[in-house]
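What the coordinates show
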Amino acid sequence: MTKSIPTMTSRAFATAFALRPNLVNWFLGAGASAASGIPTGYAMIRDFKAKIFCSHNDISRREIDAGDQVWIDRMDDFFRRTSVLPPDGDPNEYAAAFEMVYPQERHRRQYIEDAVRKGTPCYGHKVLGALMAARKVDCVFTTNFDPLIEDTVLAANALLQVADQTRPTVAAIDSGERAMRCLKESGWPLVAKLHGDYQSVRIKNTGSELEKQDETMRHVLVEASQRFGMVFVGYSGRDQSVMEALTSVLKEKTPFPNGLYWVASSAAKLLPAVTEFLTIAHHAGVDVAVVECSTFDELAADLIKEVDLPSPLLNMVTQGRPTPRLVPVELPSNATRQYPMLRLSALLIESMPRVARRVTLAQPLTTPAARGLIREQNCKAVVAAYGRDLAVFGKDEEIVAALASVGGQLAGTVDLNPTQDSWALGLLYEALTKALSRHRPLIPRYKRSGHSLLVAGPREGEDQEWARKRAQDLARLSAAYEARLTGQVPKLDFPFHEGVFLKLEQIEDRWWCGFEPYTFVDIPRELLDQTPPTEAASVQEALGVHYGRRGGDPAGDWRREHWATKYNKHWAKIIDAWAAMLTTTKDGTVRAFGIDQQAGVDASFSISTRTGWSRPGHHHPYFERTK
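Remember, predicted model here, so these are calculated numbers, not experimental data. (Residues numbered from 1 in each chain as written. Predicted model: local features only at pLDDT ≥ 70, side-chain atom pairs only at ≥ 80, totals over all residues. Heavy atoms only, no water.)

Another aspect to go through is the overall build of the protein. Assigned secondary structure in the protein consists of 23 helices and 21 strands. Buried residues in the protein amount to 50% of all 627 residues. Of the contacts formed within the protein by residues at least 6 apart in sequence, a portion of 71% connects residues at least 24 apart. Just so you have it, the protein exposes about 32,000 Å², and 49% of that area is on carbon and sulfur atoms. (Helix = DSSP H or I, 4+ residues; strand = E, 2+ residues; numbered from the N terminus. Buried < 20%, exposed > 50% of the residue type's maximum accessible area, 1.4 Å probe, protein only. Contact = heavy atoms within 4.5 Å. Areas by Shrake-Rupley, 256 points an atom, 1.4 Å probe, with all protein chains shown as cover.)

Turning to the packing of aromatic side chains, a few remarks are in order. Under the defined criterion, the tally for this structure stands at 21 aromatic pairs. Aromatic pair Phe 256 and Phe 277: ring centres 6.3 Å apart, planes at 75°, arrangement edge-to-face. A residue pair is termed long-range when its members are at least 10 positions apart, and Phe 256 in the loop between helix H11 (240-249) and strand S7 (260-264) and Phe 277 in helix H12 (residues 272-283) qualify at 21 residues. Across the pair, Phe 277 and Phe 256 agree in class, each one buried. Every member of this aromatic cluster is reached through a ring pair, and the members are Phe 27, Phe 232, Tyr 235, Phe 256, Trp 262 and Phe 277. A cation sits over an aromatic face here: Arg 74 above Trp 71, 5.2 Å from the ring centre. The ring of Trp 563 has Lys 566 lying over it, and the distance from NZ or CZ to the ring centre is 5.4 Å. (Phe/Tyr/Trp six-rings, centres within 6.5 Å; stacked < 30°, edge-to-face > 60°. Lys NZ or Arg CZ within 6 Å of the ring centre and 35° of its normal.)

Turning next to a nonpolar patch on the surface. Judged by side-chain polarity, Val 327, Val 329 and Leu 331 come together as a nonpolar surface patch covering roughly 320 Å² of accessible area. Assignment of secondary structure puts Leu 331 in the loop between helix H14 (311-319) and strand S9 (342-351). (Patch = residues over 30% accessible without salt bridge, like charges linked within 9 Å, V, L, I, M, F, W, Y side chains within 5 Å. Salt bridge = Lys/Arg side-chain N within 4 Å of Asp/Glu carboxyl O.)

The next point concerns unusual backbone geometry. In this model, Trp 188 is joined to Pro 189 through a cis peptide bond whose omega is 0°. Considering the arrangement of structural elements, one finds Pro 189 in the loop between helix H8 (176-185) and strand S5 (190-193). Phi at Ser 186 is positive, roughly 55°, even though this residue is not glycine. Tracing the backbone through its elements, the reader meets Ser 186 in the loop between H8 and S5. You will see that Glu 482, though not glycine, has its phi angle at about 55°, which is positive. Within the element layout of this structure, Glu 482 appears in the loop between helix H19 (475-481) and strand S16 (486-488). Judged by its relative accessible area of 52%, Glu 482 falls in the exposed class.

An order of S1-S8-S7-S6-S2-S3-S5-S4 is seen for the eight strands of this open sheet, with the pairing classed as parallel. Both edges of this open sheet fall to strand S1 (7-9) and strand S4 (169-171), since each of them pairs with a single strand only. Each neighbouring strand pair of the sheet contributes to a mean axis angle of 20°, computed without reference to strand direction. As paired elements, strand S2 (residues 24-28) and strand S6 (residues 229-233) share five bridges and run parallel to each other. (Pairing = 2+ DSSP bridges. Axes fitted to C-alpha atoms, helices over the stretch in contact; angles between N-to-C directions.)

One recurring pattern in soluble globular proteins is that nonpolar side chains are buried together. Phe 393, Leu 436, Leu 477, Phe 515, Trp 578 and Phe 605 are the most contacted members of the largest nonpolar core, which totals 50 residues. Each residue touching Leu 436, except ones within four places of it in the same chain, is listed here: Leu 442, Leu 453, Leu 502, Cys 513, Leu 582, Val 590 and Ile 607. (Core = buried A, V, L, I, M, F, W, Y, C linked by side-chain atoms within 4.5 Å.)

Now for the packing of helix H6 (residues 123-133) against helix H13 (residues 296-306). Two elements in contact, H6 and H13, have axes whose closest approach is 7 Å; the angle formed by their N-to-C orientations is 40°. What the angle tells us is that H6 and H13 run oblique. The interaxial crossing formed by H6 with H13 has left-handed handedness. Across the interface between the two elements, Tyr 123, Gly 124, His 125, Val 127 and Leu 128 of H6 pack against Phe 296, Asp 297, Ala 300, Ala 301 and Ile 304 of H13. Class assignment for the residues of the contact of H6 with H13 results in seven nonpolar, two polar and one charged. (Parallel < 35°, antiparallel > 145°, perpendicular 65-115°, else oblique. Left-handed = near helix turned anticlockwise from the far one by under 90°. Nonpolar A, V, L, I, M, F, W, Y, C, P; charged D, E, K, R; others polar.)

Turning to the pairing of strand S12 (residues 389-395), a few remarks are in order. In terms of burial, S12 is a largely internal element, six of the seven residues being buried. For strand S10 (residues 355-360) and S12, the ladder comprises three bridges, and the chain directions are antiparallel. Bridge pairing in S12 places Arg 358 opposite Ala 391. Of the pairings in the sheet, the one linking strand S11 (residues 381-386) to S12 comprises six bridges and is antiparallel in character.

It is worth spelling out the confidence of the model for the protein at this point. Parts of the prediction with low pLDDT should not have their coordinates interpreted in detail. Of the residues in the protein, 87% reach a pLDDT of 70 or more, and the chain-wide mean stands at 84. Contacts of residues 197-213 to residues separated by more than four positions or lying in other chains number 64 contacts, the stretch itself having pLDDT below 50. With pLDDT under 50 throughout, residues 533-551 is counted as low confidence; its partners more than four residues away or in other chains account for 58 contacts. (pLDDT = per-residue confidence, 0-100.)

What follows concerns the state of the cysteines. Scanning the entire structure with this criterion turns up zero disulfides. There is no disulfide at Cys 182, and the cysteine sulfur nearest it, in Cys 139, is 8.2 Å away. (Disulfide = S-S within 2.5 Å.)

A word on the side chain of Glu 150. Here Glu 150 lies in helix H7 (residues 148-157). Relative accessible area serves as the criterion here: at 9%, Glu 150 is assigned to the buried category. A distance of 2.8 Å separates polar atoms of two side chains, one belonging to Glu 150 and the other to Lys 193. (Polar contact = N/O pair within 3.5 Å; in protein donor to acceptor, adjacent residues only side chain to side chain.)

Let us look at the environment of Asp 596. Along the chain, Asp 596 turns up in the loop between strand S19 (589-591) and strand S20 (600-601). For the pair formed by Asp 596 and Lys 395, sequence separation is 201 residues and the distance between their alpha carbons is 9.0 Å. At 2.9 Å, the side chain of Asp 596 and the backbone nitrogen of Ala 599 are in polar contact.

Moving on to the environment of Leu 342. For Leu 342, the position within the fold is in strand S9. As for Leu 342 and Ser 614, which are separated by 272 residues in sequence, their C-alpha atoms are 5.1 Å apart. Excluding residues within four positions of it along the chain, Leu 342 makes contact with Gly 612, Trp 613 and Ser 614.

What follows is the structure in C-alpha cells.
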C-alpha cells in the first residue's frame, strides 16, 4: 500500500522542535527571503522573461509593465508558442532564462549583488538568528546569496555578554574547507551557502553550474543529513544537484535521524521532484511531514511561542514582530449610497448554448484543420475538435457536405461544459464573436490571442440603402467617440478602425462578455515583411499593429494622442454605446447563424443590456456632490 505524506501545522512543528532544537538543521530557499525585499526565483524568472520578450519583439523594456496581468498573459502566450525557454514550471527554467539574459558570469554576479542589496532581514531571519546566537540551532544550509542570516546572528550577539556570544562560520562554494572543518570539529554554528555568496567569485546560476554540486559542500550536506533532522523553508526543490545529494542520503543507514520537514502553503503545491523525494524518504522509514504554513514569518511566530530565549534576544524579536494583518476595526455605521458609481465594460450572459452538433469522422482532425476544410467548402459554421469527433454550430446539410471527404456524419449532440473543457470554451468564444457581429456593421477578427470586433467602414460602390443603415446603426457610437470611427491615420495614411477586444470569462459562477475599446490600425502589406518572426507577430496582431524591427509601433504616438483626451465621461459614453450596439436585438438574443431548429444547431446567447456596476464600499462627501 502506498503511504501518503503526513502533514502538520506550524504550531505542531514548533511544539516538537522546542523539545530538542539542536537536533534539526535548517535549509533556506529563495522564498525565505521574499519578505525581505529580495526577489524570489519566480520574480527573477518573470524579470528575465520580460527582457527576453522585449528583445525578441524589438520593444523597449520601459514600454511594458511585467506586473500587469495583460502583459503577463501576452508574455506567457509568447513563451508557450516558442521554444526559447523550457516550459513554465520546468526546473531548468530559471537557469536557462538567467543565462540567456546574462551569458557572462560576472554580469550574473552583478545582477545578484544588486538584488541582494535591496534586502533587509525579515522577522523569520531575526528569529532564526536569535536561535543561532542562543546556540539552539547549529547549522543553516541555504541556496541564497544574501547575508541576512549571518547579519541577524551578529546583531543578536551584540545583545549578549561577550562570554555568551557565538559567531557563525560562513562557508560558500569557494570556501568549502571551512564547512568541512566545522563538520569534523562540531564547530557550530555554521551557515553553508551551497550556491555561493554574493561576494563570492563563484556563484551557481546557470544550467551547467547547477548541474553538479560542489563536492566539498555536497559532502557537508550529506554528512549533516545523517547526523541531524532538517527543515526546509522557502525552497522549491528546483536544483537537481541539491535534490540528488539529498536523495543520496536516503541510501545511508541513518538518513535524517531526527525528522524531515518541508514547509509549504499546501502539500498539493509541491513540485513533483519534492513529492517524489519525500515519498521515498517516507517509505525508507524517515519521520517525514509537510508543515503547512504560508510564510517564513508565520513559522517564526509559532516557534517563538514555544522556544525559550534569553531575555535580550526575546525582546529583540518581540520588538521586530510585524504588525498583525488582522486587527480589530470599527465597522462603518453610515449607509452606503445605493446608486452605482462605476460602470464596467462587461455584460452578463444570462444564457448560452448547452449543446452543439456532434459530428463523427472517419479520420481524426485538429480544430485548425477542421476550420480550414470548412472554409474551403464555403460552409458557414463554427467548429472545435474533441477526441476523434467534432462539435459544430451551423446548418447540418452544409456541415455534412463540407466534411464528406473525411467521412463526416451527424451523431446527435454533445454537451458543452466550458468550465472544464477548453475546446468547449473556445467553441463558445468564437460563436459569441460571430453572433455579436451578425447583422451589425462590425467585422469579426479571430486570433489565437483573443477575438475582437472592428467597426466596418464604407465600401467603394456600396448600396446607398446599406450605407444609410450603417450610419444609423453607428450614430450612437459616433456621438460617444466624438470623432470618426474609421479613417486614415494622419501623416501615415494607415487605415484605422475603432473596435473592441472581446473576452468570455466566468466570474463568481456567472459568465460575462467583457469588451475593451481599442483603436486598431492596419499596416500596409509592404511593411508587414519587416515584422519580427512569426512567434512575435501574433502578439502584435492582437494589438492591431505590426512593429518593424527597429521602429516599434508606427502608429503608437497617434493612438496615445487619440485617447489622451478621453476622460471618465467620454469612457462612460463609449461603454454605454458599445453595450447598446452589442445587445440591441428584437428578442434580447444574439445568434451566430439565425437558422431554425430543424436545419441545425445554432449558437444563441441571451445577454443583459446593462453592464456590470460597482458600488462604493463606504460613504464620502464626494458622493454628495451636485456638479
